[in-house]
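# What the coordinates show
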Amino acid sequence: ICINDRADLALLAVQSGFQPWGLHLGQGDLPPSEARRLPGLESLHLGTSTHGDAEWQEVDGACDHAGMGPFRATSTKTDHAEPIGLEGIHRGSVALRAQGVAPIAIGGLTLGDATSCFDAGAESLAMVGEILPASDPGELLWQAQVARWKVRPPLQRGQGVALIGGSGSGKSILAQALARRTGMPWHDLDEVVTGAAGKSIARIFAEEGEAVFRKREEASLLPLLEGPCILALGGGAWESEVIRHAVRQAHFQPLWIAERPVRAWARVALDPSRPLAADRDTFMERWRQRTSRWAEAPMVMPLGRSAEDLATALGGNC
């Protein structure tokens, strides 16, 4: 969830136990650098709206993304600025990327604009007018996601991949599908840890504690990074700075499998082999705590697709 304009609602959401992905603030809203100082908003992805060269050149340093637009006239806002078209999308993308800010195309966009906007440099699209009346928003999001991957492939030939995300998000089955697609070997880090320890994760937790399990994760991962492969990491592995650093140093591509937590819980609930899936509230709280770390990596939305469909869409360049 990315909350629009209202820093107060983002703050209320965090205080209520929710974890928004980000907060988008317009030029007349609370400045992002001030929102960053609010308790609980420190780890949110902050963005702002920009409408021309002057705003593209100087974006608040707290932002990691910025909207560029409007692309064309839009019915969702009657006071919008002059449309910038594809030329503006290109100019804005160049200026924003030079500051390390992801450029987001906004304003009157449809799915038919996706490929041209991605070609012009946009990292993502905002399509409010297209999504609201859609009979199947999930299908619309899937098509936009695939269009982006065709222009900007998330995987490169011969590059290792580390799949991250919550327990039950489908990382292991996707790793197998990607391995078949790319011809690279695949490994489930949990299975490597339990194989080396000679006992299940549940037993490690019960006899040695979670902290020891995390150390075993770190030790087991390093040899796997010596050559390109597909890795499925456990739900808590990405919390480790050692693991994050090692994956990036090995030039593996991390991908966050952003499954819905309720769907993941339905898959793993009360599984005795998963010590953190014994209680729904505990499971959901862990998920909420870990989301900000997972969200540091590029997002893959399964949207109900099979592992084979995801692997085919992701591995088009491999």
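The present account deals with the structure reproduced in this document. Throughout, a residue's number is its position along its own chain's written sequence, starting from 1. Only residues with pLDDT of 70 or above have their local features reported here, since the model is predicted, and side-chain atom pairs are shown and tallied only from 80 upward, although totals for entire chains, interfaces and linings are computed over all residues. Each side-chain value is derived from all of the structure's non-hydrogen atoms; neither hydrogens nor water enter the calculation.

Okay, the environment of His45 next. Per the convention used, a helix needs a DSSP run of H or I reaching at least four residues, while a strand needs a run of E reaching at least two, with both numbered from the N terminus. Mapped onto the secondary structure, His45 falls in strand β3 (residues 45-50). Each C-alpha atom of the pair His45 and Ser33 lies 12 Å from the other, and the pair is 12 residues apart in sequence. Once residues lying within four places of it in the same chain are set aside, the contact partners of His45 are Trp21, Gly22, Leu23, Asp64, His65 and Ala295. Among the polar contacts listed, one links the side chain of His45 to the backbone oxygen of Ala295, at a separation of 3.2 Å. Note on definitions: a residue-residue contact is assigned when non-hydrogen atoms from the two residues lie within 4.5 Å. For this analysis, a polar contact is any N or O atom pair within 3.5 Å, provided that within protein one partner can donate a hydrogen and the other can accept it, and provided that sequence-adjacent residues contribute only side-chain to side-chain pairs.

Let us look at helix α15 (residues 307-314). Exposure is judged per residue with a 1.4 Å probe applied to protein chains only, and the accessible area is read against the type maximum: over 50% gives exposed, under 20% gives buried, and values in between give partly exposed. Restricting attention to buried positions, one finds in α15 the residues Ala307, Leu310, Ala311, Ala313 and Leu314. Burial along α15 is one-sided: seen end-on, the buried residues are contained in an arc of 165°. Elements in contact with the buried residues of α15: α7 (137-151), α8 (171-182), β10 (253-257) and β11 (299-300). Each direction from the helix axis to a C-beta atom contributes to the arc, which is the arc of those directions.

In this description, a disulfide is simply a cysteine sulfur pair whose atoms lie within 2.5 Å. Within the structure shown, the criterion is met by zero disulfides. Here Cys2 stays free of any disulfide, with the sulfur of Cys63 as its closest cysteine sulfur at 11 Å. Among the cysteines around Cys117, which has no disulfide bond, Cys2 carries the closest sulfur, lying 18 Å off.

The pairing criterion for strands is at least two bridges between them, as found by DSSP. The six strands lie next to each other as β1-β2-β3-β4-β5-β6, forming an open sheet whose pairing is parallel. Strands with a single pairing partner mark the edges of an open sheet, and in this sheet they are β1 (2-4) and β6 (124-125). As paired strands, β1 and strand β2 (residues 22-25) are joined by three bridges and run parallel to one another. By the bridge assignment for β2, Ile3 is matched with Leu23. Only C-alpha atoms enter the line fits that serve as axes; for helices the fit covers just the stretch in contact. Angles between N-to-C directions range over 0 to 180 degrees. Most of the contacts of helix α4 (residues 85-98) go to strand β4 (residues 65-68), to which it runs at about 165°, and overall it touches β4 and β5 (102-105).

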